[in-house]
Amino acid sequence: MVTSTHPTHIQKETLAADKLLPGDFAVWMLILIEISTFGLMFIGFSAVRTFERDMFLAGQAVIHPLAGLINTIALLAASGFVAQGVLDNRNNNQQRAAFMLLAGVAMATVYIVVKLWEYWQLGSAGYDLNVNHFFTAYFLLTGFHFLHVVLGMVFLIIMTRKLLRRGYGPGNQIGLESGACYWHMIDLIWVVLFPIVYVIR
Amino acid sequence: MVFSIPAISIALILMTIGSFALADQSTASWASAIILLFVAIKGYLIADGFMELRGHKRLLRYAMVVYCPLLSVIIWLIVSS
């Protein structure tokens, strides 16, 4: 009997179907719950905006779109570094993977500093949760996301430490992949948040 | 399509800058539609590229890939109404 070493089309399909999900399934459930919650918040924000268009436009004129742009680039770069770190770990290069995760933390720090500056600027000018519906929605949406970034940074630091101690490797990467997927979810949420809060007028 | 991580990162950043520049030029409904189209593409790239869901046949992958395009369409319908 001749056994082919090249998978046929059907075999390839089966292999793809059997491919394991990156990370833990429980983390994916958490991700689905998180993105659904944020999705409802985005729809709510957009709906309120249609009823109070002038108020929202006035609010958007007060916030800092450039700060939003810097934060978007910082989070996208952080996600790129984290994704590269996962690949480096898979290639048994834990030192480089740890460096990539640290670069991700550095980018996330840029986000934290810019966001805190933005909150400080708005707070100094007298804008808080109670000013109007726009600022209530703005602070709730961005504040909720901010907390996720802080938690994501904690995960990244823990994973970096574990990588430096050779706690992860090509055969032991579920924890690293789970943390990375959580981080990408934070990025995914900001990708939607940025245009609807800062850009679209 | 298989892209490298740096290529995906650069594409995402370029689309972000493009959206920002477009919003500076126009506040028309078509501009919002293009910005939300970029959001849909960015969501797809993050789910399939960064989250490594490419090639999976699970419902989870479809949910993640559809998330941004679906949300973009809903938001555009609400915003342009």
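Since this is a predicted model, take the numbers as computed values, not measurements.

### A word on the overall build of chain A
Stage number 1. Helix and strand counts for chain A come out as seven helices and zero strands.
Stage number 2. Ordered by position from N to C terminus, the α and β elements of chain A give α-α-α-α-α-α-α.
Stage number 3. With respect to the principal axes defined by its C-alpha atoms, chain A has extents near 75 × 40 × 25 Å.
Stage number 4. Counting the 201 residues in chain A, one finds 39% classified as buried.

### Looking at the nonpolar core
Stage number 1. With 73 residues, the main nonpolar core has Val82, Ile189 and Val192 of chain A as its most contacted residues.
Stage number 2. Only helix 2 (25–51), helix 4 (65–90), helix 5 (94–124), helix 6 (133–164) and helix 7 (174–199) of chain A together with helix 1 (5–25), helix 2 (29–50) and helix 3 (59–79) of chain B provide two or more residues apiece to this core.

### Things to note about the interface of chain B and chain A
Stage number 1. If you look at the interface, chain B gives 35 residues, while chain A gives 36 residues.
Stage number 2. Breaking the side of chain B that touches chain A down by element, the ones donating at least two residues are helix 1, helix 2 and helix 3 of chain B.
Stage number 3. For the side of chain B that touches chain A, the element with the highest residue contribution is helix 1 of chain B, accounting for ten residues.
Stage number 4. For the side of chain B that touches chain A, the residue count by class is 22 nonpolar, nine polar and four charged.

### Here's the deal with the confidence of the model for chain B
Residue and element names in this part refer to chain B.
Stage number 1. Across chain B, pLDDT averages 90, with 98% of residues at or above 70.
Stage number 2. Mean pLDDT per element in chain B: helix 3 is the minimum at 91, and helix 1 is the maximum at 94.
Stage number 3. ipTM for the predicted complex: 0.93, alongside a pTM of 0.89.

### Some points on the packing of helix 6 of chain A against helix 7 of chain A
Residue and element names in this part refer to chain A.
Stage number 1. Between helix 6 and helix 7, the least distance of the axes is 10 Å, while the angle of their chain directions is 155 degrees. In this view, helix 6 runs roughly antiparallel relative to helix 7, as classed from their interaxial angle. Here the hand of the crossing between helix 6 and helix 7 comes out left-handed. In this structure, helix 6 uses Tyr138, Leu141, His145, His148, Val149, Gly152, Phe155, Leu156 and Met159 to contact helix 7, whose residues at the interface are Leu176, Gly179, Tyr182, Trp183, Ile186, Ile189, Trp190, Leu193 and Val197.
Stage number 2. Among the residues forming the contact of helix 6 with helix 7, the class breakdown is 14 nonpolar, four polar and no charged.

### What about the environment of Ala106 of chain A?
All names here are of chain A.
Stage number 1. Within the secondary structure, Ala106 sits in helix 5.
Stage number 2. With 13 C-beta atoms counted inside 10 Å, the residue Ala106 sits in the partly exposed group.
Stage number 3. Taking the C-alpha atoms as reference points, Ala106 and Arg201, 95 residues apart in sequence, are found 31 Å from one another.

### Observations regarding the environment of Leu176 of chain A
Residues and elements named next belong to chain A.
Stage number 1. With respect to the helices, strands and loops of the structure, Leu176 is situated in helix 7.
Stage number 2. Judged by the 27 C-beta atoms lying within 10 Å of it, Leu176 is buried.
Stage number 3. Sequence separation between Leu176 and Val191 is 15 residues; the distance between their C-alpha atoms is 23 Å.

### Regarding helix 2 of chain B
Stage number 1. Here helix 2 of chain B is 22 residues long and its end C-alpha atoms lie 30 Å apart, about the 32 Å a rise of 1.5 Å per residue gives.
Stage number 2. One or two residues past the end of helix 2 of chain B sits Glu52 of chain B, with phi positive at roughly 60 degrees.

### Points about unusual backbone geometry
All names here are of chain A.
Stage number 1. Unlike most non-glycine residues, Asn92 shows phi in positive territory, near 60 degrees.
Stage number 2. Taking the number of C-beta atoms within 10 Å as the measure of exposure, Asn92 has 11 and is therefore exposed.
Stage number 3. The backbone phi angle of Arg166 is positive, close to 60 degrees, even though this residue is not glycine.
Stage number 4. The residue Arg166 is located in the loop between helix 6 and helix 7 in this model.
Stage number 5. C-beta crowding within 10 Å serves as the criterion here: with 11 such atoms nearby, Arg166 is assigned to the exposed category.

### What about the confidence of the model for chain A?
It should be kept in mind that the predicted coordinates are not to be read in detail where pLDDT is low.
Residues and elements named next belong to chain A.
Stage number 1. Here chain A averages 90 in pLDDT, and 91% of its residues register 70 or above.
Stage number 2. Helix 5 holds the highest mean pLDDT among the elements of chain A, 97, whereas helix 1 (residues 9–18) holds the lowest, 46.
Stage number 3. Taken as a whole, residues 1–17 scores under 50 in pLDDT and shows six contacts with residues more than four places along the chain or in a different chain.

Scoring rules and cut-offs
- Residues numbered from 1 in each chain as written.
- Chains lettered and ligands numbered in written order.
- Predicted model: local features only at pLDDT ≥ 70, side-chain atom pairs only at ≥ 80, totals over all residues.
- Helix = DSSP H or I, 4+ residues; strand = E, 2+ residues; numbered from the N terminus.
- Buried ≥ 20, exposed ≤ 12 C-beta atoms within 10 Å, placed from the backbone.
- Core = buried A, V, L, I, M, F, W, Y, C linked by C-beta atoms within 7 Å.
- Contact = placed C-beta atoms within 7 Å.
- Nonpolar A, V, L, I, M, F, W, Y, C, P; charged D, E, K, R; others polar.
- pLDDT = per-residue confidence, 0-100.
- Axes fitted to C-alpha atoms, helices over the stretch in contact; angles between N-to-C directions.
- Parallel < 35°, antiparallel > 145°, perpendicular 65-115°, else oblique.
- Left-handed = near helix turned anticlockwise from the far one by under 90°.
- Expected span 1.5 Å × (residues − 1).

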